[in-house]
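Residue-level listing of the chains:
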Amino acid sequence: AGAGAGAGAAELPLRARLSFAAGHFLNDLCASLWFTYLLLYLHAVLGYGHRLAGALLLAGQVADGLCTPLLGYEADRSAGCGRYGRRKSWHLAGTTCVLVSFPFIFNPCLGCKENTPQWAAFIYYLSFIVIFQFGWAATQISHLSLIPELVTSDHEKVELTAFRYAFTVMANITVYGLAWLLLNFQVDQPDRTEHLGIQDVPIFRNLSLIVVVLGAVFSLIFHLGTKEKPYPPGSLPQPEESTPLLQKEPMSPPRPLLIWKDWLLEPAFYQVAVLYMSTRLIVNLSQTYIAMYLTNSLLLPKKYIATIPLVMYVSGFLSSFLMKPVNKWIGRNLTYFVGILVILAFASWVTLAGQMGAEIYGAAVLLGAGSATILVTSLSMTADLIGTNTHSGAFVYGAMSFTDKMANGLAVMAIQNLHPCPTELCCPACISFYHWVMVLVTGGIAIAAIASLCCIMVWPIRVRYHAVCLQGLSGAGTPYGGTESMEERIRSGTLN
């Protein structure tokens, strides 16, 4: 069976892999703008307070976190629109929501004036943020859920995830490249271009519009080039409350289907969730605060908010193509550990170097390569956890994403509330503040990720629900030989 799965996965052509990877390009473009520039735009450009900017980001993360598992549950139950696949149907709905809402987030509040209270602007932006996060979550979950449906081999999953992440990095490179061009070729008020201000509103507006147009083109490529396996109504029975736990005994032992309730009883589910949450905290928080660190702690010109993230993601792009051979050579766990060591090297560099000039580019290379390594590996571990239980894969990805979004939102709000200059852009105290924020969101969380990885190495990830079900079936009269025939399947669910 394993050989057959590997052969089936190898038949997925390069064109199909590329078109699949293009399906998350819009989300990646928007996420790059959201995490890297939202706080900076709201506070340094529009002049809103630290707490309001943090509250908007928190609200967006909470909306995304709540929508994600619910959408994952519904995406697993639905059969799609007509003959269109269930995953691609949700992807199309999510893409539409993103396209119509995102440009308003990086534009000044329509109808707001200088004396408009900040709570009114908060409500204005909140409405578009909720629509955007709903669409973003629907697109992300449907796209991730396609990975274990398109391929089944472990190494092919890693490769497909690496393709996906390569497009993620390309999206970030595109955003930062465009931002660099817009910042460098700004001609209005040339004497004030070294520092961000209200004069930079057109830059972020144009950047958001370009992002939406590019993302729409790549989403079209995904829908035209990706062929989803059809799921006719009734092919995936959805257990209800009235469904008996023990069915009539069949001729051969059935392979039990895991539904969302069963995943909540799996220890491995929580192991992977903690590791994925730690990974996302490192990647997203470092992306969120790198611009603040560059402008407020290192006191660099504003063009660095484009060039340094650009260097990070070029190194991440190159690293993503090494994931498959490295994973094959040393395995999942050690690949993740190597990535964490690179992150710790970055954190140590930032800690020891109070002020940095050109060497910030070297530190950015470390952060980009380490982030790419741990993110690709954690996503591959999630795909391996799902295994052949693709019918409930969207719920698993949704739950993982829920922990990630909520943790990120709460962490940002906590950091914003600890800011030493609540009433001004930056006071002398914020120079060291953002320095230690960068150290803690990388090195501090990396230590927690290592602890989670150690748990996985001591207690390997295994879906135990099958074993429990088989014991029950054995007690109900299943022949012992039938139980033995399933043991290979149980062992195949253990990850290396």
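Here's what I pulled together on the structure shown here. (Residues numbered from 1 in each chain as written. Predicted model: local features only at pLDDT ≥ 70, side-chain atom pairs only at ≥ 80, totals over all residues. Heavy atoms only, no water.)

1. Observations regarding a nonpolar patch on the surface
Next up, step 1: Taken together, the side chains of Leu334, Phe337, Leu341 and Met457 present a nonpolar region at the surface, about 340 Å² in accessible area.
Next up, step 2: In terms of residue count, the dominant contributor to the nonpolar patch is helix H13 (residues 323–352) (three residues).
Next up, step 3: Checked against the element boundaries, methionine 457 lands in helix H16 (residues 429–458). (Patch = residues over 30% accessible without salt bridge, like charges linked within 9 Å, V, L, I, M, F, W, Y side chains within 5 Å. Areas by Shrake-Rupley, 256 points an atom, 1.4 Å probe, with all protein chains shown as cover. Salt bridge = Lys/Arg side-chain N within 4 Å of Asp/Glu carboxyl O. Helix = DSSP H or I, 4+ residues; strand = E, 2+ residues; numbered from the N terminus.)

2. Some remarks on the nonpolar core
Next up, step 1: Residues Tyr37, Phe102, Ile105, Phe106, Tyr125 and Tyr289 are the most contacted members of the largest nonpolar core, which totals 134 residues.
Next up, step 2: No other element matches the 16 residues that helix H3 (residues 25–45) contributes to this core.
Next up, step 3: What tyrosine 125 contacts, discounting residues up to four positions off in sequence, is Leu46, Tyr48, Leu56, Phe104, Ile105, Asn107, Pro108 and Cys109. (Core = buried A, V, L, I, M, F, W, Y, C linked by side-chain atoms within 4.5 Å. Buried < 20%, exposed > 50% of the residue type's maximum accessible area, 1.4 Å probe, protein only. Contact = heavy atoms within 4.5 Å.)

3. Some words on the pattern of salt bridges
Next up, step 1: This model, assessed by the stated rule, comprises four salt bridges.
Next up, step 2: We note a salt bridge from arginine 17 to glutamate 159, for which the minimum N-O separation is 2.8 Å. Of this pair, arginine 17 sits in helix H2 (residues 14–21) while glutamate 159 sits in helix H8 (residues 154–184), and the two are 142 residues apart along the sequence.
Next up, step 3: Among the residues examined, glutamate 159 registers a relative accessible area of 17% and is labelled buried.
Next up, step 4: The salt bridge partner of aspartate 404 is lysine 405, with a shortest N-O separation of 3.6 Å.
Next up, step 5: One salt-bridge network, held together by shared partners, links Asp64, Asp404 and Lys405.

4. Concerning the environment of glutamine 355
Next up, step 1: Position of glutamine 355 among the secondary structure elements: in the loop between H13 and helix H14 (360–386).
Next up, step 2: Sequence-wise, glutamine 355 and leucine 299 are 56 residues apart; in three dimensions their C-alpha atoms are separated by 9.2 Å.
Next up, step 3: Contact partners of glutamine 355, with chain neighbours within four places excluded, come to Ser297 and Leu298.

5. Side note on the environment of leucine 99
Next up, step 1: Tracing the backbone shows leucine 99 in helix H5 (residues 86–105).
Next up, step 2: Residue classification places leucine 99 among the partly exposed positions, given a relative accessible area of 26%.
Next up, step 3: Ignoring anything within four residues of it in the chain, the contact list for leucine 99 reads Leu26, Val212 and Ala216.

6. Observations regarding the state of the cysteines
Next up, step 1: The full count for this structure, using the stated rule, is one disulfide.
Next up, step 2: In this model cysteine 109 forms its disulfide with cysteine 112; the gap between the sulfur atoms is 1.9 Å. Between cysteine 109 and cysteine 112 the sulfur-sulfur dihedral comes to about 45 degrees; the bridge is accordingly right-handed.
Next up, step 3: On the accessibility criterion, cysteine 109 (10% relative accessible area) is buried.
Next up, step 4: Relative accessible area serves as the criterion here: at 27%, cysteine 112 is assigned to the partly exposed category.
Next up, step 5: In this model cysteine 454 remains outside any disulfide bridge; the closest cysteine sulfur is found in cysteine 455, 7.1 Å from its own. (Disulfide = S-S within 2.5 Å.)

7. Some words on the packing of aromatic side chains
We describe a pair of aromatic rings using the distance from one ring centre to the other and the angle between the two ring planes.
Next up, step 1: With the rule as written, the count across this model stands at 19 aromatic pairs.
Next up, step 2: Pairing tyrosine 48 with tyrosine 125 gives two aromatic rings, centres 6.4 Å apart and planes at 75 degrees, and the pair type is edge-to-face. Linking tyrosine 48 in the loop between H3 and helix H4 (50–77) with tyrosine 125 in helix H6 (residues 118–145), this pair joins segments that are 77 residues apart in sequence. Neither residue differs from the other here; tyrosine 48 and tyrosine 125 are each classed as buried.
Next up, step 3: Taking the centre distance of 5.8 Å and the plane angle of 35 degrees together, the rings of tyrosine 176 and tyrosine 313 count as tilted. Remark: tyrosine 313 occurs in helix H12 (residues 304–320) and tyrosine 176 occurs in helix H8; sequence separation between them is 137 residues.
Next up, step 4: Given the relative accessible area of 0%, tyrosine 176 is considered buried.
Next up, step 5: One aromatic cluster is present, formed by Trp34, Tyr37, Tyr41, Phe102, Phe106, Phe132, Tyr176, Phe204 and Tyr313 through successive ring pairs. (Phe/Tyr/Trp six-rings, centres within 6.5 Å; stacked < 30°, edge-to-face > 60°.)

By themselves, these observations are geometric and do not establish any function.
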